[in-house]
Amino acid sequence: VPDTDTSLQDLPLPSLPTKMEFALNGKRCVVNPSEAAKLTLNEYIRFKTSFKGTKLSCAQGGCGACTVAVSYQTESGEVKTKTVPSCLMALPSVAGTSITTVEGLKKASTGDSKFLGHPVQERMVMYHGTQCGFCTPGMVMQMWGGLKQHGADGGKNLQEKKVEDLDLMAGNLCRCTGYRPISDCLKSFSSDSTVKFKDAKTGPYECKGNDPVFPSFLASSSRKGSEESKGWLRPKTLTELKSVWSADKTVVSGHTGWGVYPELYALKAVGGGEKKSSLVVQVDAVQQMKNIQMDPKNNQLVIGAGVTLNELATFLSKIDSKDAAGICSHILLIAGHQVRNLGSIAGNLMMVRKKGFASDLATLLCAASGKVRYLDADKSDQEEDLLQFLKSSDKPCLMINVSISLTFDKSSTTNFISFRSAIRPRNAYSLINAALSYHIDAKTNKIDQATFVIGAVGTSPILAQKMGDAFIGHTVGDVEKSVVDALDASSLDEAFALFNEDEHKTYRMRVAQVYALRFAKAIVNKAQDGASQIHAKGSRHTKTSQYWELPEDSETKSLAPLFKSHPKTTALSQTTGNSRFTDDEPIRPFTLHAAYVVIPTANSTFSGLDDTEAKAALGDDLVAVLQACDLKKSVYDFEANNAFKVPGHPATPEFSNEYVFLPAGTTSQYGSQPVGLVLATSYRLALIAANMVKLKDLTLKGKPTLDPRTAPQPDGYTPYDFFRGDKKKTDNMFDNPEELKEITGEFEKKSQYHFYIEPQTCTAFPDEDGGLVVNLACQGMDSPRTMISSYLGIPQNHIQMNARRVGGAFGGKASRCIPIAVLSSYCALKYERPVRFVLPREVDMAINAGRQEIACDYRALVDEKTGKIKALKLKLHYAQGSTKDIGDIHIQLFANTIDSVYQIDNMFLRAYMKKTHDGPSTSVRGPGHFEAVLVIETIIDKIAGVCGLLPEKVREVNFLPHKKFLATQGLKGGIIPPALVEGNGFIPLWNRLVRESKYWERKAKIDEFNRTNKYRKRGIAITPARYGMIRSGGHGARVDVLADGSLQIATSGTEMGQGLHTKLGQTALGVLNKKLGVNITLDRIKFLNQNTHMYCHGAVTGGSTGSEMTCFAVEEACFKLAPKMAKFKKLAQKMAQEKGKEKYDWGDLCAAGYKGLTPFWKPDFSETGFYRPEIKDILYETYGASVAEVELDVLTGETKPLYANLMFDCAPCLNPAIDMGQIEGAYVMGLGQILLEQRRHCKDTGKLLSVNTWSYKPPTMYDIPEEFHVNIVDMRKESSHNGWDYVMGAISNTVHSLGLFHNAFRKGSRSIKSSRATGEPPVLFSYAVLSALRNAILSTGRTHSGTLKMPIPATPELVSDIIWGEGQTLKGVVADLKEPVGEAPAVTADYQPGKVTTSGSRMGSLMPILFLAVCGAATYFYAKRTKIL
């Protein structure tokens, strides 16, 4: 490997004596070295330049939002490019390099105020690969830089399989899209791309003329810097290195360790003064430390300490050796691509040595007989066995290189095998890893050497000597028996004694045994693939399809561009980095940066804050430290201002209101609860100061309460009771079940965090007359404005709220944005300075607790022969956290959804709101609905297991009949009434999905797979979903037509990735084009920032109905606007004919309207609309179903989604491509909760443990189903009509004819109503994954379907607990796998799966008419009697 990476150093420099020069997007940048030493590259780009496309989200290199490309010129003149996480790079690291951000890719202006994007940017638009857009710049840069780094000339030399195997995007997170369109976009650049998407390009792009050119002013610039300067030493040879290095100096390389252990590389400069510290030695220029040397004769590979992980992987990939390929594949599973571009071999190993880092690399190198060469404190050249070296953490040293044993030809008898297990297969630290190196004597055909190393389980890798000895002396034929016998003889116990004593130890001990067995099997098979894990490299090849049905009637077609797929209006702006978010506004002079001071543990007290150290370190840069006693009001008065109060269940102020800061002496409600606020002159200094402020007399009062079952109800709360049927009858049925079978069970689900990529963000600054301007990332501005007004005591009209767009929300920015909005406003007025408040990921995840953790106990009475549910009782424990937020609404939604698509005539639900030592829980995509579906589908699966029936049959026998007069779904007893089912096409949809997915054929193939595979099992399931939509509140809009024909639209709805603006534009043009006979295009519309001084009324944008409600408002405005403009048609036609045109166009019409009678005459081409639903349109139902197939690694518990087929009745969509993305994104978010995501706490202190990208793992692109199909269908023709539409139509028409509520409700357009919400309902489809995994587990024979309790999330560790059971040995588990039991029963002759009847009785069809007559007559006579008529 040549001297490729002298730009990628690590860290905070003390100072540099000369100027520092580099290029940023082709422009020369010169920075004062002492200033550079205080900044990361990300901070420089965002705070010191106008480029805002590069984002900051996790500050760990774990999300990819900050990705930029670094280009540099080697000594040979070759220009190389690689992507890096700018949040981890110290600015001095980029001296002499060319940095390209997302703005640097876009083409120059064409002269007409438009700009074109780079082919990668444009293709991301065409594939609809952007939604909220916050992660998009990082995605674009990683896609472009990754292709360029791997020698792909625009993709010309990369095949599709290679593109997928490189795992280029594993370091980039997206919460909106579900990754499918981004994956397709990436694959589209391959030379043999199989991707097909309407109107989207495929194949490589031409680099010349598209890619940035390396700046000429850097071509002759040396990147080596001076050999020695104050505080910064940069030797060029090993001899020079020996002369300048000493034990008190800090050695730097990639700086990626900062993301995991911030204390290792803390910035040296704090405030205005420089902190005394050891000097820094940068080793990147030492050629001997950048080389990789092969010695084929001795089977040795010598790796320089400065070589990066990706450089090593690239080198190994070019060696024609199975062992080299295996190590390369393992390395590519470590971290993300960007971090591997920075992280060095030495840096990785030194983190193991200093911090006990869970390293994969250390395990691989130790097993390969690794030896490390280093300088000791006396500068003596030393060599030591790597295993021993990693244990000597107290000895200072400087690594030079590492040598390992490695075979370089396929015929060698020396072999290398490795495995790893992690929560997430890629870009996640190992829970355990292991490697085996062995040699077979050619003469005896026996293994004569074996090294077995286990890693990520202790403070350093562990040599399992006894287990390794079990391989020695045995032939390939009998090695497996020897290993099994050794395991039976507890040969790993010596290694187990060195494992960390933590919650993972049991799992690690199990998997270590599994690896020993797999190593033996791999030797027998003479190939690793034969026994490899299901996440082995090269095993993934994706296949996708998207289908949507378009409107057929001419009336709907005439509303084009409505119902057409069109890229988001801001898509190109997002992919080019031009879209601005709340924190992208220029920072105003004298801005103060805020950071919370938090109490680390729950159920604890403190006596006060000590800011002495912080003040001493920061001096005047620390402006203030606020605590509870400094505030005018100690709480946010949500009780007095809460718009979500539930009648009949008044909350006490203690549970409704929240502390601004926890007062001294008060017991903390959760770990990381704010106790104060720091205000400093920069963001980094604010974070540093917040960590320096100490809590006096911190005392833990006892173990916190975290379990929903044992947690108390808040004071003043009583249980919520919901029911269907007669409650006494339900009780009697359970008291006297007769021939019915009672089935009981428990359900538990952990909490899920929103993980929006944009953090909670607010900026506020004083305005005239004591007012405020507040820029807030929020889902609605009314509640924040109300709370700011209440807290500060200023009129609401003195508060101007702004929101341009939101970088993902999912419910997390509906109410949880309020605290930082209030505090920012308070501080802005108090100090008369602008205030910027951005929550770090760790704090955000702690104080915004996300989805509720729940527990549910259930009792069901069923017909054992059919599985029909006759009665159901549930006891729900809803863990809301420290305060209620809108948790009581979620319980109501749970009750409204718990029966899903099933007819259960007798139900009783008692729900308990529980107060736990956690932050306030709040809405997360599908709140209440998701939990309800998980519970009822779990019950269905349990019934099938106990009764020995097919789950599919139990579901179908319980379906609500297709045609049932005045059928309702949802329970009584709450504020949400049971929904009267109308337009229900669910059963035809179910039958269609069974047929089109070839469900039973797939199930038969899976059964065959499971019969022939012992250690891998597959499962398949099909599950339904019903999501009751609620159009609550109201939304407004204003449409303006300007003289040049451009339009602008202002709305109360928030654009947060769901395509709201695009749909508004399509709606407006659909009306105006049809009414006025013109053809306006979407590029004529500008969507104004959400602003309370521009449009002040509107509800929270949430519940998936914001888009349709704002579309109704825009439609109304355009219905008013069109007649105004139609008056000028004749004049417009005349003007057009004068220009020689046959017919007027939009420009002519606008010109005619503005021409008027005099030059000073201006038309009123502005109109507003406001939508509140009429009674019959408040509630409606959405239906869908999904098929999922998974593969299970039986012995490790790891799960891989193989197949998904979703069918959702929501067509015709206003914009099918946008809604497709919403469906896929919601499904993958649900999949994350099912398999990966949970908020974990320390049981003793309540401290949140899953606080960032290191400890919390949402899905990546490589966790979605390999085969992913989504179908948007229109089932209206096959829907049942049970009379409710006639009844409500009659009531509504009568009410309107009588003049009742004339101004309260308006009738929405039928054309738009045919579209259904898509943002949240598809999250429910993800249960199919859990059900499929359940079936896979059952096929192992290790548990019975009647007793199996599935965890959520079903992490590898928890699935392993099910399969292994208590105290089981590997030998016992393996023995039980021979004869599977408890498999699903076969399909019987009397059952036709997927053919549920859709017929109804004749009386059912007559009843609507009879009921209509009675209802109409009753309404008429009531009106006569009350003298309304």
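Quick look at the structure, then.

Rules used throughout
Along each chain, the written sequence defines residue order, and numbers are assigned to residues from 1. Two thresholds apply to this predicted model, a pLDDT of at least 70 for residue-level local features and 80 or more for giving and counting side-chain atom pairs, whereas whole-chain, interface and lining totals are computed over all residues. Side-chain calculation: all heavy atoms of the structure are included, whereas hydrogens and water are not. Should DSSP find at least two bridges between two strands, the strands are taken to pair. In DSSP terms, a helix is any run of H or I states spanning at least four residues, a strand is any run of E spanning at least two, and both are numbered starting from the N terminus. Axis lines are fitted to C-alpha atoms, over the contacting stretch for helices. Their N-to-C directions set the angle, which ranges from 0 to 180 degrees. Throughout, a residue-residue contact means that at least one pair of heavy atoms, one from each residue, lies within 4.5 Å. Relative accessibility under 20% of the residue-type maximum defines a buried residue, over 50% an exposed one, and the middle range a partly exposed one, all with a 1.4 Å probe and only protein chains included. By the criterion applied in these results, polar contacts are pairs of N or O atoms within 3.5 Å in which, for protein atoms, one can donate a hydrogen and the other can accept it, and in which residues neighboring in sequence qualify only through two side-chain atoms. Note on aromatic contacts: the rings of Phe and Tyr and the six-membered ring of Trp form a pair at centre separations within 6.5 Å, being stacked when their planes are under 30 degrees apart, edge-to-face when over 60 apart, and tilted otherwise. Given the number of residues in a helix, its expected span is that number minus one, multiplied by 1.5 Å. Angle categories are assigned with fixed cut-offs, so that under 35 degrees is roughly parallel, over 145 is roughly antiparallel, 65 to 115 is roughly perpendicular, and the rest are oblique. Take the far helix as your reference; a near helix turned counterclockwise from it by less than a right angle gives a left-handed crossing, and one turned clockwise gives a right-handed crossing. Think of it as three bins: nonpolar holds Ala, Val, Leu, Ile, Met, Phe, Trp, Tyr, Cys and Pro, charged holds Asp, Glu, Lys and Arg, and polar takes everything else, Gly as well.

## With respect to the sheet that holds strand S43 (residues 1035-1041)
Move 1: Read across the sheet, four strands follow the order S45-S44-S43-S47 without closing on themselves; strand pairing throughout is mixed. Only two strands of the sheet have a single partner each, and these edge strands are strand S45 (1085-1087) and strand S47 (1166-1171). Direction aside, the axes of adjacent strands within the sheet are offset by 20° on average.
Move 2: The sheet contact formed by S43 and S47 spans six bridges and is antiparallel. From the neighbouring strand, arginine 1038 faces S47, where its bridge partner is threonine 1168.
Move 3: Contacts between helix H35 (residues 1106-1126) and the sheet are confined to S43, strand S44 (1047-1051) and S47, with S47 contributing the most and set at about 145° to the helix.

## Structural notes on the sheet that holds strand S12 (residues 292-295)
Move 1: Pairing is antiparallel in the open sheet, where five strands are placed in the order S12-S13-S16-S14-S15. Strands with a single pairing partner mark the edges of an open sheet, and in this sheet they are S12 and strand S15 (381-385). Averaged over all pairs of adjacent strands, the angle between their axes in this sheet comes to 20°, without regard to strand direction.
Move 2: Strand contacts of helix H9 (residues 309-317): S12 and strand S13 (300-304), with the helix running at about 30° to S12, the strand carrying the most contacts.
Move 3: Where helix H12 (residues 345-355) meets the sheet, its contacts fall on S13 and strand S16 (398-405), and the angle it forms with S16 comes to roughly 100°.

## Focus: the environment of glutamine 60
Move 1: Relative to the helices and strands, glutamine 60 resides in the loop between helix H2 (41-48) and strand S3 (67-73).
Move 2: By relative accessible area, glutamine 60 is classed as buried at 11%.
Move 3: Residues glutamine 60 and tryptophan 258, spaced 198 residues apart in sequence, show a C-alpha to C-alpha distance of 7.5 Å.
Move 4: At a separation of 2.9 Å, a polar atom in the side chain of glutamine 60 contacts the main-chain carbonyl oxygen of glycine 259.
Move 5: A polar contact of 2.6 Å, which involves the side chain of glutamine 60, links it to the side chain of threonine 1253.

## Topic: the packing of aromatic side chains
Move 1: Taken as a whole, this structure holds 31 aromatic pairs when the rule is applied.
Move 2: On the numbers, 5.0 Å between centres and 65° between planes, the contact of tyrosine 596 with phenylalanine 837 is edge-to-face. With tyrosine 596 in strand S22 (residues 592-599) and phenylalanine 837 in strand S36 (residues 835-838), this pair connects stretches of sequence that are 241 residues apart. In this structure, tyrosine 596 and phenylalanine 837 share a single accessibility class: buried.

## Side note on helix H33 (residues 999-1012)
Residues separated by three or four positions in an α-helix point in the same direction, a consequence of the helix having 3.6 residues per turn.
Move 1: Here H33 is 14 residues long and its end C-alpha atoms lie 20 Å apart, about the 20 Å a rise of 1.5 Å per residue gives.
Move 2: Within the span of H33, buried status applies to Tyr999, Trp1000, Lys1003, Ile1006, Phe1009 and Asn1010.
Move 3: Residues of H33 that are buried in the fold lie against helix H31 (951-958), helix H32 (986-996), strand S42 (1016-1030) and strand S48 (1179-1193).

## Quick notes on the side chain of lysine 1003
Move 1: Its location among the elements puts lysine 1003 in helix H33.
Move 2: Setting aside chain neighbours within four positions, we find lysine 1003 in contact with Leu950, Glu952 and Ile1020.

## A short note on the environment of lysine 1247
Move 1: Following the sequence through the fold, lysine 1247 ends up in the loop between helix H38 (1216-1235) and strand S50 (1267-1273).
Move 2: For the pair lysine 1247 and aspartate 918, spaced 329 residues apart in the sequence, the C-alpha separation amounts to 8.8 Å.
Move 3: Every residue in contact with lysine 1247, bar those within four places of it in the chain, is listed here: Pro600, Arg1240, His1241 and Cys1242.

## Considerations on the packing of helix H26 (residues 782-792) against helix H27 (residues 818-831)
Move 1: As a packed pair, H26 and H27 sit with axes 9 Å apart at the nearest point and diverge in direction by 45°. With respect to their mutual orientation, H26 and H27 come out oblique. Crossing hand, H26 versus H27: right-handed. Residues Ser783, Pro784, Met787, Ile788, Tyr791 and Leu792 of H26 form the contact with H27, whose participating residues are Ile818, Ala821, Val822, Ser825, Tyr826 and Leu829.
Move 2: Partitioning the contact of H26 with H27 into residue classes produces 10 nonpolar, two polar and no charged.

## Brief notes about the environment of histidine 1061
Move 1: Here histidine 1061 lies in helix H34 (residues 1060-1076).
Move 2: Judged by relative accessible area, which is 9%, histidine 1061 ranks as buried.
Move 3: Separated by 26 residues in sequence, histidine 1061 and phenylalanine 1087 have C-alpha atoms that sit 6.8 Å apart.
Move 4: If we skip the residues at most four places from it in the chain, histidine 1061 touches Thr569, Thr1051, Glu1055 and Phe1087.

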